[in-house]
Amino acid sequence: MTTAAAVAKALADAGIARVFGLPGGEVLVLIDELRKAGIDFVLMRHEANAGIAAAVYGKLLGQPGVVLATLGPGAANLMLPVASAYLDQEPLLAISAQLPGDVPASHTHQLLPLHEIYRPVCRMTGEITCDNAADILPRALGACMERPYGASFLTISAREALKDARPPAKGGPTGPVTDSVGPPLMGGRDAAANLRARLATAERPLVLIGLGVDNANATRIRRWLDEWNLPVAVTPKVKGIVNETGPNFVGVISGMAADGLMVDALKASDLLIGFGLDPVEVDKTWHAELPIEWVLEAPNVAGIIPPGVALVAHAAFLDAMVQSPAPRAWAWPFAEFQQKRHDLLIRRGGSSTFALRASADKLDPPERMAPTTMWPGDLIRALSGAMPAATIVTTDVGSHKYLFGQFWPSRHPGTFWMSNGLSGMAYGLSAAIGAKLAHPDVPVLAAVGDGGFSMNAQELETAERVGAPFITVVLEDGSYSLIKLAQENRKLPAHRMDFRPIDTVKMAEACGVQALRTTNPDELATAVRRAVEQNSSLVVGVPVNYADYKLLF
Ligand SMILES: Cc1ncc(C[n+]2csc(CCOP(=O)(O)OP(=O)(O)O)c2C)c(N)n1
């Protein structure tokens, strides 16, 4: 068996059914061995997109995603998804080609020090050789799945790929997978008793659930919070861990829309419980200033554990909590914040509506019905009313992310995906491809800005080709609006934040996907319903006014 075949076998043995990537001559043999091993190579149009799709695909299936690229430029393009896996806790094995180690020193064409480049953001980096192929793959895959999840990076040379591989070491992979990832878990009973005692004297407790929770504990978490009627807020990366339409849901913390309101809610609490909370998602400093009772199961990103905090097995902790009744009752201590959050979205004070009202008298009735932009609140309501509760939503990065992050009513675990630790644009569309391939029977919605869309709209063709139909809503405001708003906030002159429109509908159609543009929420809902029923791809361009976001942020 060649080294390339041994790599393919190790991946197949680990249950990897798909590898995402973009080829180069140096990985052709490996791609062929993947084919022989029954692993589908999902051919994409940029390595960064392939890596994002792979990581989401893998995390949804409870295994590492795998991305394959060529050496040099292909490997360099993997930095975004590897960085995303690192900061957003997504399990990703990235494999790239590399020149053989014995090329003459003067041969520098496409040669980059890849291990050195990737080591700081990876759990494990290494070179696949004929001696280690069967062992290094399981170790690298295992490293990705250690909590907090992250990336591994391996290289293989085209020459090594053809050599005969040495059989795996007896007894499985040898040697430590990674350096230590933190102290062992403590039992949950003591932690539960301590927190229960703290809660008995708290008037306004607020549970903050973050990236470090395991979706497998969602049922336990919901039971605890519902039975005790505890107020809860979540970070965007765990949206859906609790039902956000439930009565004790306060909102989404860490930099989304209505963040001022959420930070006020945090300050109004007399007991903040950071359940799996990871500050990597927080773009402010309240996590370091307000006292937080941490209940962590694993270190935060980069192996950090707040001083004096012991790691606690969440399942055991939650079981211990629900074994006794709530230590007291809380009478909706955050009702005022909940109401204000709710009102923000339904407020019909958007500038698009103002413009419409101002000119309504002068317009004929049909024109009166067609404002030039859609109020973001109407957009959320139309989509959430039309799409099933189980829909997987992905967002890109920008103002629309703040909108969806705060106001999309997630109801099920694992149904909301955004780049929030890294916050890298061009995530949403690629994530949607990974999500749809992982769960073909679940509707998928990608909400992206027109800036982000122009970074990777070409992957719509990929989605069609690989059988991953989903709905894309492009919020068109002709600008990098989040940064334009920041420019205004800093009282800088308006400068270089706007771009000319690239026709969303034509872009989609050029990729073979049906599309329309509308500012009518009913038309949007009808089109989306039909696409869900038919399980077909659809792109909808929705003009929005960037200034409307000022009323929500
Ligand atoms: C790869 C990358 N480049 C730049 C940024 C900085 N950035 C954050 S949001 C944003 C604007 C996004 O514009 P668009 O996709 O149109 O979304 P909008 O803000 O208009 O909703 C930019 C440039 C980033 N987060 N990621």
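Small disclaimer: the values here were computed from a predicted structure and weren't measured.

## Structural notes on the site of the ligand
Next up, step 1: Near the ligand there are 17 residues, and of these S399, H400, S423, G451 and G452 occur at the shortest range.
Next up, step 2: Contacts to the ligand include G451, whose backbone N or O atom sits 2.8 Å from an oxygen atom.
Next up, step 3: Within the contact set of the ligand, an oxygen atom lies 2.9 Å away from a side-chain nitrogen or oxygen of S481.
Next up, step 4: For the ligand, the protein covers 78% of the area, taking 580 Å² as the surface of the free molecule.
Next up, step 5: Secondary-structure elements contributing two or more residues to the shell around the ligand are α18 (399–407), α20 (450–456) and α22 (481–489).
Next up, step 6: Along the lines of polarity and charge, the residues of the shell around the ligand split into five nonpolar, 10 polar and two charged.

## Topic: the sheet that holds strand β15 (residues 471–476)
Next up, step 1: Judged by pairing direction, the sheet is parallel, and its six strands sit side by side in the order β13-β12-β14-β15-β17-β16 without closing on themselves. Edge positions in the open sheet fall to β13 (416–417) and β16 (515–517), since each of these has one partner strand only.
Next up, step 2: Where β16 and strand β17 (residues 538–543) come together, three bridges link them in parallel fashion. Residue L516 lies in a different strand from β17, and its bridge partner there is V540.
Next up, step 3: Packing of helix α19 (residues 428–438) onto the sheet brings it into contact with β12 (392–395), β14 (444–449) and β15, and relative to β14 it is tilted by some 170°.

## Considerations on the sheet that holds strand β4 (residues 92–97)
Next up, step 1: Read across the open sheet, the six strands follow the order β2-β1-β3-β4-β6-β5; overall the sheet is parallel. Every other strand in the sheet has two partners, leaving β2 (40–43) and β5 (124–127) as the edge strands with one partner each. Sheet twist, expressed as the average angle between the axes of neighbouring strands with direction ignored, equals 20°.
Next up, step 2: The pairing of strand β1 (residues 18–21) with β2 spans four bridges and is classified as parallel. Following the sheet pairing, G21 is matched in β2 by L43.

## Notes on the environment of A438
Next up, step 1: Here A438 lies in helix α19.
Next up, step 2: Judged by relative accessible area, which is 10%, A438 ranks as buried.
Next up, step 3: In sequence terms A438 and A53 are 385 residues apart; their C-alpha atoms lie 9.9 Å from each other.
Next up, step 4: In contact with A438, not counting residues within four places along its chain, are Y57, L60 and L61.

## Concerning the pattern of salt bridges
Side chains bearing opposite charge may pair, as long as their charged atoms lie close to each other.
Next up, step 1: As enumerated under the stated definition, the model contains 26 salt bridges in all.
Next up, step 2: When the shortest N-O distance is used, the salt bridge between K36 and E33 registers 3.2 Å. With K36 and E33 both in helix α2 (residues 28–36) and three residues apart, the pair spans about one turn of that helix.
Next up, step 3: Taking relative accessible area as the criterion, K36 reaches 53% and is therefore assigned exposed.
Next up, step 4: For E33, a relative accessible area of 12% puts it in the buried group.
Next up, step 5: Residue R328 pairs with E203 through a salt bridge whose shortest N-O separation is 3.7 Å. Of this pair, R328 sits in the loop between α13 (314–322) and α14 (335–346) while E203 sits in the loop between α9 (188–200) and β7 (205–209), placing them 125 residues apart in sequence.
Next up, step 6: Ionic contacts of the salt-bridge type, sharing partners, join the residues D32, E33, R35 and K36 into one network.

## Examining the packing of aromatic side chains
Any pair of aromatic rings gets described here by the distance separating the centres and the angle formed by the planes.
Next up, step 1: Applying the stated criterion across every chain yields a total of 11 aromatic pairs.
Next up, step 2: Between Y480 and F499, the ring centres sit 5.0 Å apart and the planes meet at 75°, which makes this aromatic pair edge-to-face. One end of the pair, Y480, is in the loop between β15 and α22; the other, F499, is in the loop between α22 and α23 (504–510), and 19 residues separate them in sequence.
Next up, step 3: Residue F499 is classed as partly exposed on the basis of its relative accessible area, which comes to 27%.
Next up, step 4: Three or more aromatic residues joined by ring pairs make a cluster, and in this case those are W224, W228, F275 and F317.

About the thresholds
- Counting restarts for each chain: residues are numbered from 1 in the order of the written sequence.
- Local features are withheld for residues below a pLDDT of 70 in this predicted model, meaning they are given only at 70 or higher, and side-chain atom pairs are given and counted only at 80 or more; totals for whole chains, interfaces and linings count all residues.
- Just so you know, side-chain values use all the structure's heavy atoms and leave hydrogens and water out.
- By convention in these notes, a residue is near a molecule or strand provided one of its non-hydrogen atoms lies within 4 Å of it.
- Pairs of N or O atoms are called polar contacts if they sit within 3.5 Å, as long as, within protein, a hydrogen donor faces a hydrogen acceptor (for residues adjacent in sequence, only side-chain-to-side-chain pairs).
- For the accessible areas, the method is Shrake-Rupley and the probe is 1.4 Å, while residue cover comes only from the protein chains on display.
- Numbering of helices and strands runs from the N terminus, with a helix taken as a DSSP run of H or I at least four residues long and a strand as a DSSP run of E at least two residues long.
- The residue classification treats Ala, Val, Leu, Ile, Met, Phe, Trp, Tyr, Cys and Pro as nonpolar and Asp, Glu, Lys and Arg as charged. All others, Gly included, are polar.
- For two strands to pair, DSSP has to find at least two bridges joining them.
- A contact between two residues is defined here by any heavy atoms of the two lying within 4.5 Å.
- Orientation is described by axes fitted as lines to C-alpha atoms, over the contacting stretch for helices, and by angles from 0 to 180 degrees between their N-to-C directions.
- Only protein chains enter the area calculation, which uses a 1.4 Å probe; residues under 20% of their type maximum are buried, those over 50% are exposed, and those in between are partly exposed.
- Whenever Lys or Arg places a side-chain nitrogen within 4 Å of a carboxyl oxygen from Asp or Glu, that contact is recorded as a salt bridge.
- Ring pairs shown here join Phe, Tyr and Trp side chains whose ring centres sit within 6.5 Å, with only the six-membered ring taken for Trp; geometry is labelled stacked below 30 degrees between planes, edge-to-face above 60, and tilted in between.

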